[in-house]
Amino acid sequence: MPENKIPLEKDEQKDFFKYAKDLYGIFPLLEFLLFATMSGSWLHGSKTQRMKQVASEKAQGRKNGVADVLCLIQKRGYAGLVIEMKRREGGKVSDAQKAWIAAAEKAGYYTAVCFGSDEAIDTLNYYLELA
């Protein structure tokens, strides 16, 4: 990738999970309890097909604004860790995401909006008390 090109959010998230996999030896539960919610997955097909897919997913419990990454390991007095991933530059947090993050905070989760994989890795290290 050219140096001046800003990585996509999905690529930042891949880099984050590649790093997290290296921590499984220290925190074996990460393999099971650190995961992507896939809330931002792309819809495919015609407009009608996409609308049907969204309706089906909402009927199955999909919610707007759910953060990208969840860690269900209790640390630092929190119920778990919530990370909303954004591109290093230009990433914006939607109103639905802000509301979901606020609700997660009220429920006792440590939350962070991370602009790029480096911020997400730093957040995970802090949360797991590695930094």
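Here is a short report on the structure shown in this document. (Residues numbered from 1 in each chain as written. Predicted model: local features only at pLDDT ≥ 70, side-chain atom pairs only at ≥ 80, totals over all residues. Heavy atoms only, no water.)

Description of helix 3 (residues 47-59)
Line of reasoning, step 1. Counted at 1.5 Å a residue, the expected span for helix 3 with its 13 residues is 18 Å, and the 18 Å between its end C-alpha atoms agrees.
Line of reasoning, step 2. Residue Gly-61 follows helix 3 closely and has a positive phi angle near 110°. (Helix = DSSP H or I, 4+ residues; strand = E, 2+ residues; numbered from the N terminus. Expected span 1.5 Å × (residues − 1).)

Notes on the packing of aromatic side chains
The geometry of an aromatic ring pair is captured by the separation of the ring centres together with the interplanar angle, meaning the angle of the planes.
Line of reasoning, step 1. The tally for this structure, following the rule as stated, stands at 4 aromatic pairs.
Line of reasoning, step 2. Aromatic side chains Phe-16 and Phe-17 sit 5.1 Å apart centroid to centroid with 85° between the ring planes, which places their arrangement in the edge-to-face category.
Line of reasoning, step 3. In this structure Phe-16 comes out as buried when scored by relative accessible area, which is 0%.
Line of reasoning, step 4. On the basis of relative accessibility, which here comes to 21%, the residue Phe-17 falls in the partly exposed class.
Line of reasoning, step 5. Where Tyr-78 meets Tyr-110, the ring centres are 5.1 Å apart and the plane angle is 70°; that geometry is what we call edge-to-face. Placement of the pair is Tyr-78 in the loop between strand 2 (69-71) and strand 3 (81-86) and Tyr-110 in strand 4 (residues 110-115), with a sequence separation of 32 residues.
Line of reasoning, step 6. According to the relative accessible area criterion, Tyr-78 is partly exposed, its value standing at 32%.
Line of reasoning, step 7. Three or more aromatic residues joined by ring pairs form one cluster here, namely Tyr-78, Tyr-110, Tyr-126 and Tyr-127.
Line of reasoning, step 8. Over the face of the ring belonging to Tyr-126 we find Arg-76, whose NZ or CZ atom lies 3.7 Å from the ring centre. (Phe/Tyr/Trp six-rings, centres within 6.5 Å; stacked < 30°, edge-to-face > 60°. Buried < 20%, exposed > 50% of the residue type's maximum accessible area, 1.4 Å probe, protein only. Lys NZ or Arg CZ within 6 Å of the ring centre and 35° of its normal.)

Description of the sheet that holds strand 2
Line of reasoning, step 1. The sheet built from 4 strands is open, its strands ordered 1-2-3-4 with mixed pairing. The two strands at the open ends of the sheet, each matched to only one other strand, are strand 1 (34-36) and strand 4. Each adjacent strand pair in this sheet contributes to an overall mean axis angle of 20°, direction not counted.
Line of reasoning, step 2. The pairing of strand 1 with strand 2 spans 3 bridges and is antiparallel. By the bridge assignment for strand 2, Phe-35 is matched with Leu-70. (Pairing = 2+ DSSP bridges. Axes fitted to C-alpha atoms, helices over the stretch in contact; angles between N-to-C directions.)

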